[in-house]
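# Observations on the model geometry
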Amino acid sequence: MSEKYQPHEVEVKWQRKWDETRIYRSQVDWDKPKHYALTMLPYPSGDLHIGHWFAMSPSDARARWMRMRGYNVLFPMGFDAFGLPAEQAAISRNIHPWKWTYSNIERMRQQLRSMGAMFDWEREAISCTPEYYKWSEWFFKKFYEHGFAYRGSALVNWSETLQTVLANEQVIDGKDERTGQPVVHKMMEQWFFAITKYADELLDFAGLDWPQAIKIMQTNWIGRSEGARVAFRTELGDHPIEIYTTRPDTLWGATFMVLAPEHDLVDVITSAAQRAAVDHYIDEIAAETEIERMMEHREKTGVFTGAYAINPVNDERIPIWIADYVMITYGTGAIMAVPAHDQRDFEFARAHDLSIRVVIQPAEMAEPLTDAAMTEAYDGPGTMVNSDAMDGSQSSKDKGRANAAIGRVLDWLEATGKGQESVNYRLHDWLISRQRYWGGPIPMMYDGEEIIPVPDEDLPVVLPEDVDFMPTGRSPLTYHEPFYKVDETVRRETDTLDTFMCSSWYQLRYLSPQCATAPFDAEEAAYWLPVDVYTGGAEHAVMHLLYTRFFTKVLRDIGVFDEAAAVMRQKGRDPQGAFDEPMSLLRNQGQVLGGERQGDFVLCSGREVGGKLLANRVEVAGWNEAPAGFEGRFGEIAHRTENVLHLDMAGLTQFVEVLPDAEIVIPGIPGRNNVNQLRHHLEIQRMSKSKGNVVNPDELVEKYGADVVRCYLMFNFDWQKGGPWNENNIKGPQGWLHELWEIALAGAPDSAGDAKRERDIERKLHQTIAVVNRGLEEFSFNTAIAEQMKFKNSFKAALRAGGIGAEMWREVMSQALRLLAPFAPHFAEELWQRLGREYSVHLQSWPQYDAEKAREEQVELVVLINGKPRGSVEVAVDIERERALELAVASEAAQRSLAGKAPRRTIFIPGRNGTDPKVNIVV
RNA sequence: GGGGAAGUGGCGGAAUUGGCAGACGCGCAUGACUUAGGAUCAUGUCUCUUUUGAGGUGAGGGUUCGAGUCCCUCCUUCCUCACCA
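Here, residues in each chain are numbered from 1, in the same order as that chain's written sequence. To read the labels, note that chains go from A and ligands from 1, taken in the order they are written. Since the coordinates come from a predicted model, pLDDT governs what is reported: local features require at least 70, and pairs of side-chain atoms require 80 or more to be given and counted, while whole-chain, interface and lining totals use all residues. In computing side-chain properties, one takes all heavy atoms of the structure into account and sets aside hydrogens as well as water.

### Structural notes on the sheet that holds strand β22 (residues 444-447)
- A pair of strands counts as paired when DSSP detects no fewer than two bridges linking them. Numbered from the N terminus, helices here are DSSP runs of H or I no shorter than four residues, and strands are runs of E no shorter than two. The sheet built from 3 strands is open, its strands ordered β23-β22-β24 with antiparallel pairing. Whereas interior strands pair on both sides, the edge strands pair on one side only; in this sheet they are β23 (450-453) and β24 (490-492). Each strand of the sheet is rotated relative to its neighbour by a mean of 30°, with strand direction disregarded.
- Here β22 runs beside β24; their pairing, made up of 3 bridges, is antiparallel. Helix axes are fitted to C-alpha atoms over the stretch in contact, other axes to C-alpha atoms as well, and angles between N-to-C directions run from 0 to 180 degrees.

Pasting the structure below:
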């Protein structure tokens, strides 16, 4: 009996040895091709989550593969260490954020090491250290000097719970995206980054190999739209009210205007008679949170201001209302309302008895459309009517100038000076300041109204440690006098930087985390940039991933990369485009979800038809046994397709078709229920502490060893999709490694080699190499491992059958272990050593795929009859078309189907890349 | 409501450009070994059918010699933005 594989001893041993021998140290080497592989850095929350393993260990496998293929690979790791949780821990548990963060980092570093990844720890960067945030501050100053950072007043998202403002990107459904607490809009003076200056460039993804979904999300977030700005003046006084519209072709249909309640002009134009009503409405709206304001299917409320505007296109007098369905944050915060052709305006008009005028006659309608006949707004294509000189223009479904009517009106507006063609963005400037302590200080000072940047030689502005964390909600910096009081008149900024700013450039700090004279070393940047492969979660689609693109573009434009570009030229590399985008290729992993959940046990009654129960009543039972005397079917819903339930009762599957009008009784849910509400036992959900379905990676490593966990994560999921956790499946990869261990320790056979059998295993090996390469290339880690399992099966069978000589055995093992090394680094290293090979397997070159060796000699010629496989004939791999047709037609399967007749048609499908050729015979 | 992704065995999931659907693994079944097995090994495992054969990738239609893959209609699920003017 051979020795068992002991993961713990082996893994710790090799982790130490790798450290000691520094085999993962990455250094600039201009003679080697570079590969910068980056995986998103974690926030030091306390413990490494299985999600971190799922994101990082496949990324590590891919980085290792690139390295073995001869690339000089940089695969760094660090911590995104500023942020609110540390501060909350300080307040609630009286522990300093430094201490909390550092002990978490300490712990997570150990957990990361247990993963066996090839992180180069010498390049570790931690965003909350003065050595790091000095350069965050420096960048802030650069942005300020070049007009990309400015202080401005704006309506911002304020979180009462967090006592800070948040960026738009951090607010989801009116709630803070981290804590789920509501936010309110507040007018405040804050620091902004001018990301909107790059709106158009950020819409350009040319040359980026990023997931389509991310590109679309960013495009939607930026929200570019084309239309016109038109100023309506008020009837009394000349207060122009500028509106933005994407439908200038409906200008003649504007029967009223609506301003957002927060609009500046509301106060100016409101009549004395309406003053009380308007003020009352504004107060009501202000008291609402953003969540309430965004409730679906809200009634369209609003009040008349008492003022009238003049529509510049036809000089009509129209009333001005305020309503909360107009958002101050979009466009100009004011709209012309065209109820006939905009659903929201339509609803508002009907609710407040405002007039509706049709100005687009529907294309498909013979009779003129009248407002009385309308039950909803018409926003389809048609002909402009009631629009003076523009009548007859054709309005299509297209947006912008692609629509003839819009184009014509835009020209007319420009020519008459009544309006301008205009592009609008949903994107707002990035609100960068936070009223919190645990962030990078903003290096600015104030002398009264005057803004004074902190001189470079005084950077970094250091976060004071001796502060009190009182549960006031306010940042301790605001009452730490030595910090904010620079001298008698000068006060220091007490707001800190959004942590997303710190993570917008961390890929640069990894290049030279110890560099004291610059944010990064120019030569390192010249060699390593841009990041070649970036992996991480899709939840950062419009925050981090948009910010870091913006950041990179600004740095490029203000010359931060100039020196690196010079080094590139000097080394004979073209810097053109190298600094346009931070990451050339991006892939998102999916999410590991909690395990299966028990489903509903149901009692179904109805009538039996053909082995199936047609149920007219389904009741969800609170127990798992049928009551005595119950007739019908009872069981757990194992599966459901449409209205057919697959009931599992004592391992037997029964089918129940739920009739459309069946009564469905679910305890606790009164009223009519739907078949869709029935839960089958596969329902899965996100892992969370409150659901008690969290998987702890430390325990898994303890139980199975890191390599088994790595292989399980890579093998059992489609990495880009994620899926439910099922620890039973870990037996697959575990058994595979176990068998490999047995094979390796059994040693080389002493039987003589048989040429044909050795050729067979060699062929399989090279076929495996090809599939593993493709799997790693395409982030299809599961197929890369499946193919190696298959190879193990073949090799095992071959060894049992005999005919594999010692030399071939050693050759196969050598290659197989190198294929395995990126996936199971410790295990492969251990066997590599036990087979007497030179340290380290990770310093070996990747097995070279040899197409000639992978080539099959004999293949199956598949005979298809009308496209369905019906037989096969063994033939040579390079069989000619004519010969294949002949053999196929002569085959038994074909003869049977043809029954003496000639085929109507025959099609030869050659075998690609060694796959079987086929002949389709149409009879 | 807009935008996007996806629906394949009991389960996780495979299937280059349309070319043998269900690789690999889990589970399950049978057998072997064992004092024992939640260990290990072997064999089998889409469905129906006696062989033969027939059917089968959410539903329905279409294109094609041939469709999981392409097109149209619909259903379901997930993600995302959301009164976006």
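### Looking at the confidence of the model for chain A
- Within chain A, residue pLDDT values average 88, and 90% of them lie at 70 or more.
- Segment residues 668-672: pLDDT under 50, and 2 contacts once partners within four positions in sequence are set aside and those in other chains are kept.
- Taken over the whole predicted complex, pTM reads 0.90, whereas the ipTM for its chain interfaces reads 0.94. For every residue, the predictor assigns a confidence score, pLDDT, that lies between 0 and 100. When checking whether two residues touch, look at their non-hydrogen atoms; a contact exists if any pair is within 4.5 Å.

### Comments concerning unusual backbone geometry
- The step from leucine 529 to proline 530 runs through a cis peptide bond, and the omega angle for that step is -10°.
- Between tyrosine 839 and serine 840 the backbone carries a cis peptide bond, its omega angle lying at 0°.
- Mapped onto the elements, serine 840 comes out in the loop between α25 (825-834) and α26 (851-854).
- Of note, asparagine 866 is a non-glycine position whose phi angle comes to about 50°, a positive value.
- The classification of residues rests on relative accessible area computed with a 1.4 Å probe and restricted to protein chains. Under 20% of the type maximum is buried, over 50% is exposed, and intermediate values are partly exposed. Exposure remark for asparagine 866: the relative accessible area of 44% places this residue in the partly exposed category.

### A word on the protein's contact with RNA strand B
- As a matter of local geometry, RNA strand B sits amid 54 residues, with Arg344, Asn716, Arg912, Asp916 and Asn920 nearest to it.
- The sugar-phosphate share of atoms of RNA strand B within 4 Å of the protein amounts to 61%.
- N or O atoms closer than or at 3.5 Å make up a polar contact, with two conditions inside protein: a donor-capable atom paired with an acceptor-capable one, and, for residues adjacent in sequence, both atoms drawn from side chains. At a separation of 2.9 Å, a sugar or linking oxygen of RNA strand B approaches a polar side-chain atom of lysine 790.
- Between RNA strand B and the protein, one listed contact pairs a base oxygen with a side-chain N or O atom of asparagine 920 at 2.5 Å.
- When residues of the surface near RNA strand B are traced back to their parent elements, those giving at least two are α7 (212-222), β11 (240-245), α21 (731-746), α23 (781-801), β36 (868-876), β37 (905-909) and β38 (918-922).
- With 8 residues, the top contributor of residues to the surface near RNA strand B is α23. What makes a residue near a molecule or strand is one non-hydrogen atom of that residue sitting within 4 Å of it.

### Some remarks on helix α1 (residues 7-21)
- With 15 residues, α1 should reach 21 Å at 1.5 Å per residue; the first-to-last C-alpha distance of 21 Å fits that figure.
- Buried residues of α1: Pro7, Val10, Glu11, Trp14, Gln15 and Trp18, and no others. Along the axis of α1, the buried residues cluster in a sector spanning 125°; they form a single face. Pointing more than 90 degrees away from the buried face of α1 are the exposed residues Glu9, Arg16 and Glu20.
- The inward-facing, buried residues of α1 contact α2 (50-68), α4 (97-114), α19 (697-704), α20 (706-715) and α25. Here, expected helix span is obtained from the residue count minus one, scaled by 1.5 Å. Comment: arc refers to directions from the helix axis out to C-beta atoms.

### Description of the nonpolar core
- Phe140, Phe193, Trp430 and Trp725 are the most contacted members of the largest nonpolar core, which has 184 residues in total.
- In terms of residue count, the dominant contributor to this core is α2 (9 residues).
- Sequence-distant contacts of tryptophan 725, defined by excluding residues within four places in its chain, comprise Ile50, Val592, Leu593, Gly594, Gly595, Met687, Val695, Leu700, Tyr712, Leu713 and Phe717.
- Here, the term nonpolar core denotes a set of buried Ala, Val, Leu, Ile, Met, Phe, Trp, Tyr and Cys residues that are joined through side-chain atoms within 4.5 Å. Membership of the second largest hydrophobic core comes to 35 residues, among which are Ile320, Val359, Ile406 and Leu410.

### As for the packing of aromatic side chains
- Aromatic contacts are taken between Phe, Tyr and Trp rings whose centres are within 6.5 Å, Trp giving its six-membered ring; a plane angle under 30 degrees counts as stacked, one over 60 as edge-to-face, and the others as tilted. On inspection of all chains with the given rule, the structure shows 51 aromatic pairs.
- Aromatic side chains phenylalanine 140 and phenylalanine 193 sit 5.8 Å apart centroid to centroid with 35° between the ring planes, which places their arrangement in the tilted category. Highlighted residues: phenylalanine 140 in helix α5 (residues 130-145) and phenylalanine 193 in strand β9 (residues 183-193), separated in sequence by 53 residues. Residue phenylalanine 140 shares its accessibility class with phenylalanine 193, and that shared class is buried.
- Taking the centre distance of 5.7 Å and the plane angle of 75° together, the rings of tyrosine 712 and phenylalanine 717 count as edge-to-face.
- Residue class for tyrosine 712 comes out buried when judged on its relative accessible area of 1%.
- Throughout this description, the term charge over a ring refers to an Arg CZ or Lys NZ atom that lies within 6 Å of the ring centre and within 35 degrees of the ring normal. Above the ring of tyrosine 308, the side-chain terminus of arginine 317 is found at 3.7 Å from the ring centroid.
- The positively charged end of arginine 426 is found above the aromatic ring belonging to tryptophan 221, 4.2 Å away from the centroid.

### What about the sheet that holds strand β1 (residues 34-39)?
- Taking strand neighbours across the sheet as the criterion, the 4 strands line up as β2-β1-β26-β27 in an open arrangement whose pairing is parallel. Looking at the sheet topology across the chains shown, the edges are occupied by β2 (72-74) and β27 (583-589). Sheet twist, expressed as the mean angle between neighbouring strand axes with direction ignored, is 20°.
- Bridge count for β1 against strand β26 (residues 531-537) is 3 bridges, and the pairing is parallel.

### Here we look at the packing of α21 against helix α24 (residues 806-820)
- At their nearest, the axes of α21 and α24 sit 12 Å apart, and the two run at 150° to each other. The orientation of α21 with respect to α24, classified from their angle, is roughly antiparallel. Between α21 and α24 lies a crossing whose hand is left-handed. Together, Trp736, Leu737, Leu740, Ile743 and Ala744 of α21 and Trp809, Met813 and Leu820 of α24 make up the contact between the two elements.
- Note on residue categories: nonpolar means Ala, Val, Leu, Ile, Met, Phe, Trp, Tyr, Cys or Pro, charged means Asp, Glu, Lys or Arg, and polar means any other residue, Gly included. By residue class, the composition of the contact of α21 with α24 is 8 nonpolar, no polar and no charged. If an angle is under 35 degrees, it is roughly parallel; if it is over 145, roughly antiparallel; if it lies from 65 to 115, roughly perpendicular; otherwise it is oblique. By convention the crossing between two helices is left-handed if the near helix lies anticlockwise of the far one by an angle smaller than a right angle, and right-handed if it lies clockwise.

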